[in-house]
Amino acid sequence: MYSEILRIIEGGLSNDKRKIVSYSNRLANRFEKDGDSAMAKCILDVVNDVSRNGTSTMDEFRNIPVDSESRMKIVEVIPEPHERTKVVLSGVVKKQIEDFIELINHQDDLEKVGIDISKTLLLYGRPGCGKTSIAHYISEQTKMPLLIARLDTLVSSLLGNTAKNIRAIFDYAQSRPCILFLDEFDAIAKARDDAHELGELKRVINSLLQNIDSFPASSILIAATNHAELLDKAVWRRFQTSIEVGLLDDDLMKELVSLLIDDFDCDFKNDEKRIAFVVKLLQGNTPSDVRTIFNKVKALSVIKGINKITLENLLVGIYNFNHNNASVAELVLYLSQNGISQALISDTLGISQRQVKNILSKEK
């Protein structure tokens with residue numbers, strides 16, 4: 001019983017609501033086992049009453065730190081989400097992410113047996129592959145608010161202020177239960193032997209490393225970068241887990257396409273051959289690209305009053321996304337090469353069938 005009371009006091013002094021609730025529940029269980037049901041109920045009533053008060057969470061995130069030069073906020077607070085972020089990941093990446101989530105969700109049990117393990121995760125890979133979505137997903141699965149700091153916008157014209165901003169972010173994050181997410185991590189964590197970097201910026205990098213080192217094991221840190229090759233070697237050693245997030249293979253792309261058409265009328269939803277054909281056309285695009293393509297096609301179908309994804313409209317969306325300023329002639333040829341009839345091409349592009357025939361005849 002005394003250990004639970006000490007943990008609750010620790011949670012109160014460090015403003016760790018998670019620890020307070022967890023050990024209060026354990027204390028209530030102790031009283032219940034000892035036959036003091038009235039005290040157990042009293043504790044649980046207080047805990048449940050506070051948990052139902054949704055405003056308390058956001059109250060904890062007042063006084064967001066700002067840059068002293070620009071007076072702009074240097075972090076964004078995303079409260080505990082209510083909607084699920086749907087992410088499509090390879091088996092290996094998914095297993096690593098789930099292991100990291102389990103590490104967070106079982107930190108009370110780890111503390112109880114004296115295991116003090118760092119909860120730090122570095123996500124790297126090309127833009128648009130889902131690193132930010134993974135951070136949101138982890139926030140949802142752990143029911144912890146996400147504190148986002150985009151380091152590319154954090155750098156002040158006065159580099160001394162940049163070091164202060166970093167310190168302010170880490171202080172702010174560890175004073176309340178949350179996940180600190182450092183996006184565009186390479187903006188500050190570049191290798192210190194880069195000949196093009198100023199000595200002052202190298203001191204900023206040293207400051208970043210010191211802040212990571214002093215970050216409590218009970219706090220959670222996620223960083224993301226599109227340029228892993230630029231990171232200082234010492235940075236890699238600061239992270240308990242590092243995961244490369246890459247492009248989707250055919251099976252995962254099919255899973256993403258199925259996910260994107262699941263809640264919208266689609267004329268090829270149950271046609272495996274056509275879905276496989278679409279998957280093939282989408283290869284090389286990142287998950288973010290694919291979501292953008294489908295969202296644009298959905299939006300246009302609603303505007304036109306169709307409210308349906310058709311194969312021909314999706315093909316136009318794919319081509320337009322990958323080819324800026326595509327001409328009508330290019331679209332006609334692309335649709336024809338991919339098996340769309342002249343009548344459908346005419347209807348899709350809003351041109352006459354004679355014009356479609358003329359364009360195709362010139363290419364023969």
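See the structure above.
Residues numbered from 1 in each chain as written. Predicted model: local features only at pLDDT ≥ 70, side-chain atom pairs only at ≥ 80, totals over all residues. Heavy atoms only, no water.

**Student:** Got a minute to help me understand the sheet that holds strand E5 (residues 220–225) in this structure?
**Tutor:** In a beta sheet, neighbouring strands are held together by backbone hydrogen bonds and run either parallel or antiparallel to one another. A sheet is described by the order of its strands in space; here six strands give the open sequence E1-E3-E4-E5-E2-E6, paired in mixed fashion. Every other strand in the sheet has two partners, leaving strand E1 (76–78) and strand E6 (241–244) as the edge strands with one partner each. Averaged over all neighbouring strand pairs, the angle between strand axes comes to 20°, with direction disregarded. Bridge count for strand E2 (residues 119–124) against E5 is six bridges, and the pairing is parallel. (Pairing = 2+ DSSP bridges. Helix = DSSP H or I, 4+ residues; strand = E, 2+ residues; numbered from the N terminus. Axes fitted to C-alpha atoms, helices over the stretch in contact; angles between N-to-C directions.)

**Student:** Mind showing me how you'd approach the nonpolar core here?
**Tutor:** It is characteristic of soluble globular proteins that their nonpolar side chains tend to be buried jointly. In terms of nonpolar packing, the biggest core is built from 37 residues, with Met253, Phe268, Leu282, Phe294, Ile309 and Leu314 touching the most fellow members. The set of elements that each furnish at least two residues to this core consists of helix H11 (250–261), helix H12 (272–282), helix H13 (287–303), helix H14 (311–322), helix H15 (328–337) and helix H17 (353–362). Ignoring any residue separated from it by four or fewer positions in sequence, one finds Leu282 in contact with Met253, Val257, Val290, Ile293, Phe294 and Ile318. Ranked by size, the runner-up nonpolar core spans 32 residues in total, among them Leu154, Tyr172, Phe185 and Ala234. (Core = buried A, V, L, I, M, F, W, Y, C linked by side-chain atoms within 4.5 Å. Buried < 20%, exposed > 50% of the residue type's maximum accessible area, 1.4 Å probe, protein only. Contact = heavy atoms within 4.5 Å.)

**Student:** Explain the side chain of Thr120 to me, please; I cannot follow it from the model alone.
**Tutor:** Of note, Thr120 is situated in strand E2. Separated by 3.0 Å, the side chains of Thr120 and Ser118 make a polar contact. From its side chain, Thr120 meets the backbone oxygen of Arg238 in a polar contact 3.4 Å long. When neighbours within four sequence positions are excluded, Thr120 is seen to be in contact with Phe100, Leu221, Arg238, Phe239, Gln240 and Thr241. (Polar contact = N/O pair within 3.5 Å; in protein donor to acceptor, adjacent residues only side chain to side chain.)

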